[in-house]
Every structure is written in structure tokens, then in C-alpha cells.
Amino acid sequence: MSAVIQPGEIRLPAQEAPFVRAADRKHVFRRRADRLLQLASDHPLEPFLMFVASVARAQQAALDRLDAGSVSLPPGLSLAEQRRRGEPVFSASSWRPEPVWHEVLAGILADVETAAPAPTRAAIDALRNMDRAELDTVARQVLDGDLAMADPARTPLVAAALQVYWTQLATALPVEDFGVIRSDPEPHPGHCPVCGSAPVASVVQIGGVQQGLRYLHCSLCESEWHLVRVKCSNCEATTGLEYLGLEGDQGAIKAEACRECQSYLKIFYMEKDFDVDAVADDLASLGLDLLLAEEGHLRNGPNLFFIPGEETADTR
Ligand SMILES: [Zn+2]
Ligand SMILES: [Zn+2]
């Protein structure tokens with residue numbers, strides 16, 4: 001039987017979908033704040049999620065204050081070549097701090113001060129009393145993923161400023177130059193092609209050429225990059241993966257847990273919940289992390305707003 005393609009049925013193959021999706025610079029943190037407020041309602045972590053919402057609003061305001069001149073792109077940059085070599089464009093691990101990030105931090109601290117709980121107000125004071133070199137040392141800890149000894153009240157504020165700074169860098173890039181999804185394996189599929197950081201979670205998209213495709217969401221610069229489904233983002237195993245969820249939810253959140261390396265990454269399905277936000281929904285589903293920690297699994301990447309303290313399972 002021959003099939004006649006009707007107008008409107010023509011769909012580009014998945015290979016035409018972009019390898020990297022840039023953050024929506026004008027709205028990324030504002031949408032996160034809205035999502036956090038929505039998730040906070042009747043949630044056991046309501047005060048925490050409400051406070052992170054106020055941080056996200058402050059992040060958007062800080063990003064809005066930056067302009068194109070705040071960052072400069074390396075001369076002779078070829079994103080296609082960086083992708084071929086598997087090297088991040090702006091490697092977080094070799095970053096030399098620029099003073100603009102201190103200004104971003106100061107703006108965020110001023111904006112969240114009134115909404116902050118007591119331990120966070122003390123952390124704000126402590127950060128204000130640090131000189132630039134001390135602040136850069138805390139930033140280095142965050143960027144290196146050295147969070148085990150990090151201060152749980154101070155670190156998220158520093159991370160919030162770094163996210164804004166790195167989002168400014170990432171959104172200054174012509175990410176379409178990374179090209180489209182290809183069948184060849186990527187050199188380092190579990191790390192952000194823009195900044196080299198680990199993903200906070202992954203999202204299965206809906207609509208257009210990206211329908212059903214899974215993108216990992218960077219924990220630092222808000223970029224997203226493609227990784228095929230049913231593949232461990234840590235060890236690249238394609239077998240022995242389990243999809244675990246919490247009872248009674250809508251099925252929009254699963255943990256892709258790998259038996260090979262005992263790690264996991266959450267996967268959110270836009271088809272089940274259109275408004276998912278990788279960072280916000282990850283925080284609102286910490287119960288799933290506790291379940292995975294009990295089973296001995298480690299997270300594949302951090303959520304910089306949740307630094308496990310002594311009384312909480314260390315999921316890193
Ligand atoms: Zn990144
Ligand atoms: Zn694995």
C-alpha cells in the first residue's frame with residue numbers, strides 16, 4: 001500500500017535536530033522561579049522551594065543586567081572543531097575568574113536578603129566579608145564539584161552567581177555551529193559541550209524535530225545537549241538500565257539507574273508534564289534521590305542548590 005504524504009505531515013528526520021540547545025536567556029530563570037512556586041504548593045519542602053524561587057528571580061534580574069560586552073568569545077573559535085575533539089568551549093575547570101562574577105553575586109545577595117532564612121542570612125554576611133580571592137576559592141570548589149566539604153548555606157548562593165555568569169557566556173555562542181545530532185558517538189557524551197560540567201538531569205522533549213529526543217541539562221551554564229535514550233550518561237552502558245519512579249506520581253519523573261556503574265540521572269518527560277524544569281523538578285523530587293541513595297546509587301551530576309549536609313544522605 002502506498003502512502004501519500006499530506007501537507008503538514010512532513011517531518012524532518014531526527015538527525016536535523018540540534019546537538020546543543022541554548023538557554024532562553026530572557027526567561028530561563030524567571031520560568032524556573034514560576035515552576036518552583038508551582039511545585040512548592042503543599043510540598044514538604046515548601047519553604048526551601050520558595051526560597052530557591054526567590055534566588056531564581058534574582059538570577060534573572062542579574063542576567064538582565066549583563067550585556068553582550070560582559071563576556072568576550074575566544075578568537076578563531078570553531079564550535080564544530082571543539083565538538084569533534086570533545087573539548088568544552090569554556091572549560092569550567094580551567095576558568096580564570098573575571099571580576100564581573102563578583103558583581104553578579106553582590107546583586108543576587110542584595111535581592112534575596114529579605115527572603116532568606118536565618119542560616120542563609122548568616123551566609124550572606126560571611127560572603128560579603130570575603131575578599132575577591134576568597135570568593136574565587138569558593139567558586140573554584142563549586143566548579144570542581146568539590147561539594148562534600150562545602151558550606152550548604154553559602155555554596156548555593158555562589159553557585160547561583162556562577163550559573164548566571166556561565167549562562168551569559170553560553171548564550172553568547174552561536175550554538176547552531178555545533179551542528180545537528182549525528183549517528184557517530186560523541187567523545188564525551190556525559191559532559192556539557194559548552195562548559196564541561198556534569199548534567200543536573202535530562203529532559204525528553206516534545207514538538208517538532210526534537211519530539212521524543214532526550215537532552216541533558218547542564219548543572220552550570222543551562223545549555224542542553226543530546227544523548228540518545230537508554231544510555232548511561234556516566235559510563236555509556238546501554239544495557240542494565242532501570243527506570244525507577246516514586247509511587248503515585250504522574251510518571252513524568254524517572255531515575256535512569258545504571259547497574260554497570262551504580263549511578264543514576266533523572267529523566268523528565270515533557271509529554272507527561274509540559275512545564276518541567278530540570279533544576280526545579282530535580283529539587284522537588286529529592287525523595288527519589290533518597291530512594292536511590294538507599295540502593296547504593298550515586299548521582300551523575302550535582303544540583304548546585306542542594307548540598308547534602310551531615311544528616312542527609314550524601315548523594316554525590
Ligand atoms: Zn554547561
Ligand atoms: Zn553507568
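Residues numbered from 1 in each chain as written. Chains lettered and ligands numbered in written order. Predicted model: local features only at pLDDT ≥ 70, side-chain atom pairs only at ≥ 80, totals over all residues. Heavy atoms only, no water.

The protein chain is annotated in an unreviewed UniProt entry as Protein FdhE homolog of Thioalkalivibrio paradoxus ARh 1. UniProt lists a comment for the protein chain under the heading Sequence similarities (unreviewed entry), and it reads "Belongs to the FdhE family." (UniProt positions renumbered as here; feature names shortened; annotations may be inferred.)

Draft legend 1. Spatial organisation of the coordination of the zinc ion (ligand 2). Note on the zinc ion (ligand 2): its protein donors are Cys232 (SG), Cys235 (SG), Cys258 (SG) and Cys261 (SG). The metal-donor distances range over 2.3 Å. Here the zinc ion (ligand 2) is ringed by four donor atoms whose angles at the metal span 103 to 114°, and the overall shape comes out tetrahedral. Counting gaps between the donor residues of the zinc ion (ligand 2) yields the pattern C-x2-C-x22-C-x2-C. Placement of the pair is Cys232 in the loop between strand E4 (224-226) and strand E5 (241-244) and Cys258 in strand E6 (residues 253-258), with a sequence separation of 26 residues. By the burial criterion, Cys232 is buried, and Cys258 matches it. (Donors = N, O, S within 2.8 Å, 3.2 Å for Na, K, Ca; no water. Tetrahedral: all angles 85-135°; square planar, octahedral: opposite > 155°, others 65-115°. Helix = DSSP H or I, 4+ residues; strand = E, 2+ residues; numbered from the N terminus. Buried < 20%, exposed > 50% of the residue type's maximum accessible area, 1.4 Å probe, protein only.)

Draft legend 2. Region of the structure containing unusual backbone geometry. Although it is not a glycine, Val230 adopts a positive phi angle of roughly 55°. By secondary structure assignment, the location of Val230 is in the loop between E4 and E5. Its identity is not glycine, yet Glu236 carries a phi of approximately 70°, on the positive side. With respect to the helices, strands and loops of the structure, Glu236 is situated in the loop between E4 and E5.

Draft legend 3. Structural detail: the domain arrangement of the protein chain. Domain boundaries in the protein chain define domain 1 (24-171) and domain 2 (177-299). One C-alpha centre belongs to domain 1, the other to domain 2; they are set 21 Å apart. Each partner contributes to the interface: domain 1 provides 30 residues, whereas domain 2 provides 31 residues. Interface of domain 1 and domain 2: buried area, both sides summed, is about 2,300 Å²; carbon and sulfur atoms make up 58% of it. Summed over the shared surface of domain 1 and domain 2, the result is five salt bridges. Note that Arg32 and Glu222 form a salt bridge whose closest N and O atoms lie 2.7 Å from each other. Secondary-structure elements contributing two or more residues to the side of domain 1 that touches domain 2 are helix H1 (28-40), helix H2 (46-65), helix H3 (79-85) and helix H7 (155-171). (Domains from an automatic or database assignment. Contact = heavy atoms within 4.5 Å. Buried area = accessible area lost by both parts, 1.4 Å probe. Salt bridge = Lys/Arg side-chain N within 4 Å of Asp/Glu carboxyl O.)

Draft legend 4. Representation of the coordination of the zinc ion (ligand 1). Bound to the zinc ion (ligand 1) on the protein side are Cys192 (SG), Cys195 (SG), Cys218 (SG) and Cys221 (SG), at distances that span 2.3 Å. Between the four donor atoms coordinating the zinc ion (ligand 1), the angles at the centre fall across 97 to 118°, so the site counts as tetrahedral. Within one chain, the residues donating to the zinc ion (ligand 1) are spaced in sequence as C-x2-C-x22-C-x2-C. Separated by 23 residues along the polypeptide, Cys195 in the loop between H7 and strand E2 (199-204) and Cys218 in strand E3 (residues 214-218) bring together distant segments of the chain. A relative accessible area of 1% places Cys195 in the buried class.

Draft legend 5. How the structure looks around H2. Helix length check: H2, at 20 residues, gives a terminal C-alpha distance of 29 Å against a target of 28 Å (1.5 Å per residue), a fit within 8%. Listed in full, the buried residues belonging to H2 are Leu49, Phe51, Val52, Ala53, Ser54, Val55, Ala56, Ala58, Gln59, Gln60, Ala62 and Leu63. Where H2 is buried, its residues touch H1, helix H4 (100-112), helix H5 (118-128), H7 and helix H8 (278-284). (Expected span 1.5 Å × (residues − 1).)

Draft legend 6. Just the UniProt feature "domain: FdhE central" (unreviewed entry) in the protein chain, in detail. Feature annotation in UniProt assigns "domain: FdhE central" (unreviewed entry) to the following positions: residues 191-229. Structurally, residues 191-229 comprises 0% helix and 36% strand, and the distance from its first C-alpha atom to its last is 16 Å.

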